[in-house]
Protein chains: 2
Amino acid sequence: MDAVTPREVILCEVGPRDGFQYEEAVIPTDLKVEVVRGLAAAGLPRIQVASFVHPRKVPQMADAEEVVARLADVEGVTLSGLALNRKGVERARASGLRAVDISIATWDDHSLENAGMTVDEAVEQAAEMVATAREAGMEVQVGLQTVFGFRKPGDTPVERVVGLVKRFVRLGVDSISLADTTGMAGPVSIASRVEAVRRVAGDVPIVLHLHDTRGLGMANVYEGIRCGVDRFDTAFGGMGGCPFIRGAAGNVPTEDTVHLLASLGISTGVDIAGVANVTHRVADHLQKDLPGRMYRLFD
Amino acid sequence: MDAVTPREVILCEVGPRDGFQYEEAVIPTDLKVEVVRGLAAAGLPRIQVASFVHPRKVPQMADAEEVVARLADVEGVTLSGLALNRKGVERARASGLRAVDISIATWDDHSLENAGMTVDEAVEQAAEMVATAREAGMEVQVGLQTVFGFRKPGDTPVERVVGLVKRFVRLGVDSISLADTTGMAGPVSIASRVEAVRRVAGDVPIVLHLHDTRGLGMANVYEGIRCGVDRFDTAFGGMGGCPFIRGAAGNVPTEDTVHLLASLGISTGVDIAGVANVTHRVADHLQKDLPGRMYRLFD
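Residues numbered from 1 in each chain as written. Chains lettered and ligands numbered in written order. Predicted model: local features only at pLDDT ≥ 70, side-chain atom pairs only at ≥ 80, totals over all residues. Heavy atoms only, no water.

Can you break down the overall build of chain A residue by residue, with the values?
For chain A, the count of helices and strands is eleven helices and eight strands. Computed over its C-alpha atoms, the radius of gyration of chain A comes to 18 Å, within 12% of the 19 Å expected for a compact globule of 299 residues. Dimensions of chain A along its principal axes, counting C-alpha atoms only, are 45 × 45 × 35 Å. Every one of the 299 residues in chain A was classed for burial, and the buried ones make up 63%. Excluding contacts between residues fewer than 6 apart, the proportion of contacts in chain A whose partners are at least 24 apart in sequence is 74%. Looking at chain A as shown, the accessible area adds up to about 11600 Å², and 48% of this sits on carbon and sulfur atoms. (Helix = DSSP H or I, 4+ residues; strand = E, 2+ residues; numbered from the N terminus. Rg over C-alpha atoms; globule rule 2.2 N^0.38 Å. Buried < 20%, exposed > 50% of the residue type's maximum accessible area, 1.4 Å probe, protein only. Contact = heavy atoms within 4.5 Å. Areas by Shrake-Rupley, 256 points an atom, 1.4 Å probe, with all protein chains shown as cover.)

Explain the sheet that holds strand β5 (residues 139–144) of chain A residue by residue, including any values.
Residue and element names in this part refer to chain A. Taken in spatial order, the eight strands of this closed barrel run β1-β2-β3-β4-β5-β6-β7-β8, and their pairing is parallel. Geometrically, the sheet is characterised by an average inter-axis angle of 30 degrees between neighbouring strands, direction not taken into account. Relative to strand β8 (residues 231–234), strand β1 (residues 10–13) runs parallel, the two sharing four bridges. Among the inter-strand pairings, L11 is bridged to a residue of β8, identified as F232. The strands touched by helix α2 (residues 29–41) within the sheet are β1, β2 (46–52) and β3 (78–83), with β2 carrying the most contacts at an inclination of about 160 degrees. Against the sheet, helix α8 (residues 187–201) touches β6 (175–180) and β7 (206–210), its axis set at about 150 degrees to β7. (Pairing = 2+ DSSP bridges. Axes fitted to C-alpha atoms, helices over the stretch in contact; angles between N-to-C directions.)

I'd like a description of the side chain of K32 of chain A, backed by residues and values.
Residue and element names in this part refer to chain A. If you trace the backbone, K32 turns up in helix α2. Relative accessible area serves as the criterion here: at 4%, K32 is assigned to the buried category. Among all residues touching K32, those that are not within four sequence positions of it are F20, I27, Q60, M61, D63 and V67.

Could you give me a rundown of the pairing of β5 of chain A, with the residues and numbers involved?
All names here are of chain A. The buried fraction of β5 is high, at five of six residues. Where β5 and β6 come together, four bridges link them in parallel fashion. Note on β6: the bridge partner recorded for Q141 is S175. In this view, the connection linking β5 to its parallel neighbour β6 by way of helix α7 (residues 158–170) has right-handed handedness. (Right-handed = clockwise from strand over helix to strand, strands pointing away.)

So what's going on with the pattern of salt bridges? Which residues, and what values?
Residues and elements named next belong to chain B. One pass over the full model with this rule turns up 34 salt bridges over all chains. One salt bridge connects R70 with E66, and the closest N-O pair in it is separated by 3.6 Å. Residue R199 is joined to E195 by a salt bridge in which the shortest nitrogen-to-oxygen separation is 3.9 Å. Separated by four residues within a single helix, R199 and E195 lie in helix α8 (residues 187–201), roughly one turn from each other. (Salt bridge = Lys/Arg side-chain N within 4 Å of Asp/Glu carboxyl O.)

Summarise the relation of the copies chain A and chain B; cite the residues concerned and give the values.
Take chain A, turn it by 180 degrees, move it 0.0 Å along the axis, and it overlays chain B with an RMSD of 0.0 Å. Accordingly, the operation relating the two chain copies is best matched by a two-fold axis. Looking at the rotation axis and the C-alpha trace of chain A, the residue lying nearest is A219 of chain A, at 2.0 Å. The share of interface residues of chain A whose copies in chain B are also at the interface is 100%, consistent with both copies meeting through the same surface. (Least-squares fit on C-alpha atoms with pLDDT ≥ 70 in both.)

Any chance you could break down the interface of chain A and chain B for me, citing the residues and the numbers?
How large an interface is tends to be reported as the accessible area lost when its parts come together. Taken together, the contact pairs 28 residues of chain A with 28 residues of chain B. At the boundary of chain A and chain B, one finds zero salt bridges. In this structure, the connection of chain A to chain B is made through two residue pairs in polar contact (both at pLDDT 80 or more). Counting only elements with at least two residues in the side of chain A that touches chain B, the list comes to α8, α9 (217–226) and α10 (254–263) of chain A. At five residues, the largest contribution of residues to the side of chain A that touches chain B is made by α9 of chain A. For the side of chain A that touches chain B, the residue count by class is 13 nonpolar, six polar and nine charged. (Polar contact = N/O pair within 3.5 Å; in protein donor to acceptor, adjacent residues only side chain to side chain. Nonpolar A, V, L, I, M, F, W, Y, C, P; charged D, E, K, R; others polar.)

How would you summarise the environment of G143 of chain B if you had to cite specific residues and measurements?
Relative to the helices and strands, G143 of chain B is located in strand β5 (residues 139–144). For the pair formed by G143 of chain B and G292 of chain B, sequence separation is 149 residues and the distance between their alpha carbons is 24 Å.

Would you mind going over the sheet that holds strand β8 (residues 231–234) of chain B in detail, with residue names and values included?
Residue and element names in this part refer to chain B. Judged by pairing direction, the barrel is parallel, and its eight strands sit side by side in the order β1-β2-β3-β4-β5-β6-β7-β8 before closing back on the first. Strand-to-strand twist of the sheet, defined as the mean angle between neighbouring strand axes without regard to direction, takes the value 25 degrees. In this sheet, strand β2 (residues 46–52) lies alongside strand β1 (residues 10–13) in parallel orientation, the contact comprising two bridges. Each bridged residue has a counterpart across the sheet, and for E13 the counterpart in β2 is I47. Helix α4 (residues 86–95) rests against β2, β3 (78–83) and β4 (99–104) of the sheet, and its axis sits at about 125 degrees to β2. Helix α10 (residues 254–263) contacts β1 and β8 of the sheet and is inclined by roughly 175 degrees relative to β1.

Could you give me a rundown of the packing of aromatic side chains, with the residues and numbers involved?
Residue and element names in this part refer to chain B. Counted according to the given criterion, the structure contains five aromatic pairs over all chains. Look at W107 and F150: their rings are 5.3 Å apart centre to centre, the planes differ by 35 degrees, and that puts the pair in the tilted class. Residue W107 is found in the loop between β4 and α5 (108–115), and its partner F150 is found in the loop between β5 and α7 (158–170); the two are separated by 43 residues along the sequence. Just as W107 is buried, F150 falls in that class too. (Phe/Tyr/Trp six-rings, centres within 6.5 Å; stacked < 30°, edge-to-face > 60°.)

So, the nonpolar core: which residues are in play, and what are the values?
Judged by nonpolar contacts, the single largest core of 185 residues is most densely connected at F168 and L178 of chain A together with L178 of chain B. With near-sequence residues (within four places) excluded, F168 of chain A lies in contact with I104, V123, A126, A127, V130, V142, V173 and I176 of chain A. (Core = buried A, V, L, I, M, F, W, Y, C linked by side-chain atoms within 4.5 Å.)

Tell me what's going on with the pairing of strand β4 (residues 99–104) of chain A, and back it up with residues and numbers.
All names here are of chain A. With six of its six residues buried, β4 lies for the most part within the structure. Summarising the sheet, β3 and β4 pair through four bridges and their orientation is parallel. Within β4, the residue paired with G81 across the bridge is V100. The β-α-β motif built from β3, the intervening helix α4 (residues 86–95) and the parallel element β4 has right-handed crossover chirality. As paired elements, β4 and β5 share six bridges and run parallel to each other.

Pulling in residues and values, what's your account of α7 of chain B?
Every α-helical turn comprises 3.6 residues, leaving residues that sit three or four positions apart pointing alike. All names here are of chain B. For α7, spanning 13 residues, the distance from its first C-alpha to its last is 18 Å, which sits close to the expected 18 Å at 1.5 Å a residue. Along α7, the positions that sit buried rather than exposed are V161, V162, L164, V165 and F168. Down the axis of α7, the sector holding all buried residues measures 160 degrees, keeping them to one side. In α7, those exposed residues whose orientation departs by more than 90 degrees from the buried face are E159 and R170. Those residues of α7 hidden inside the fold are in contact with β4, α6 (119–135), β5, β6 (175–180) and α8. Just past α7, the residue G172 takes up positive phi, approximately 85 degrees. (Expected span 1.5 Å × (residues − 1). Arc of directions from axis to C-beta.)

Put into structure tokens, the structure is as follows:
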């Protein structure tokens, strides 16, 4: 392993947001709360618990405030919420969360479709959102979508990504997330884009948010580790996957990632069996297998 | 990428054997033949088409001779059969195959359970099998099972693996396959065991046969590539997985592997869409999704 390899890695569990968001049947609030508690008990240091978006757009997340309120006693874990506009940040703050994740597109047509504005407009709005969150003393992460490809692998200009990272680093964000929304990353693009972003990110941690759409999720985590990345978004059981993107698969599975990292001698503080319990609970509720492999070895 | 990285990789498609073998419903001979023809047309340079074992032990492979006979006109592809004893080699030869794959266990209890003999006895028998195949002018591969772990990751002594490789290299085999039968390999053990085996294998090519039981299949392929391995067993759609091992998952998917290698600039000559067609055909027949990801992007 290279000298830059991290000895500890921080995983952010995104299953309760990125995973549940795309399920057709609405997950009961009770189950959401139980899942987050189970993940916290399993040692996940960060959990993205909800998305503060319009309930008509994403009915699955209509109970965001209630979920957060019922988790008020969870300690020692950073709970965060996703926000796509200023109202979302304000809702996250009012809910009592101490951390907010802001996500913006890197392509105009993608941004127009999802947010009704160009990337430039979204960046202006995101700058205000960062300011709002910082004034409220919240931890802020900005995530860039489709960093490794939008219509085809590598088509997102690296200069655009680097320019956006520069901008948000100057605004004082606490971390920058590079999302492979479409699952188009491979080890070569992971290495080159992480390197390019690191040059301008300074001390601001880089987070990799990877999807397994083309089966390279774990190979990309491994390459990220080799490049010294020490923060990853993962989802229990590999939940997630957008019904609007053909073949779109879930986030990299938390259990499989912990197993990979353990095999590399890297500590996460996460108990695989504890996460697998949560996965089995949700798989039973949804009456379907989830894509992850490692959880199947536990029951 | 390291200097040793191969520019071309040879994939051996094992779905028709390792994949079909564990399916409960017997696959019709017509479909087996159609699948192998489809895989050959998609550019797979090597295909393991059958297993010459006792039909009572593996009813799924009872039509081995018929499958081979009906593929007699397939050109430009090395078709092979798996054999576990001398009779298997003789049947493979009589069927007209020009290549045979011999597989032996590395643990006495595993060998006793599957083959009714100790590893030493199995090695003696395999030596005779190699001689029989060589006399017949057949290409011979010897595969070692559970090289990366049997009951737990890494518990198979590397000295035992190296000793067996030495023995078979002296017998003049054409290639040595290292199988992660239980899916316990990780990048660290891939690197260390490939390195140890290479020291004694000389010019004899090393093949990696990887399963995705713990989700690390593609990360392990990537590490194999980084170590200069240029031959891998893969299965269309990630078929395979033993019903007797809890959570056992399939071989690494052919389509996903080709995609990974292409992203690394490595040529395989395999057309992903062609393989994905085969996978969809079989998934439709079995009326279930297969574990691979990449094939889902084609229909």
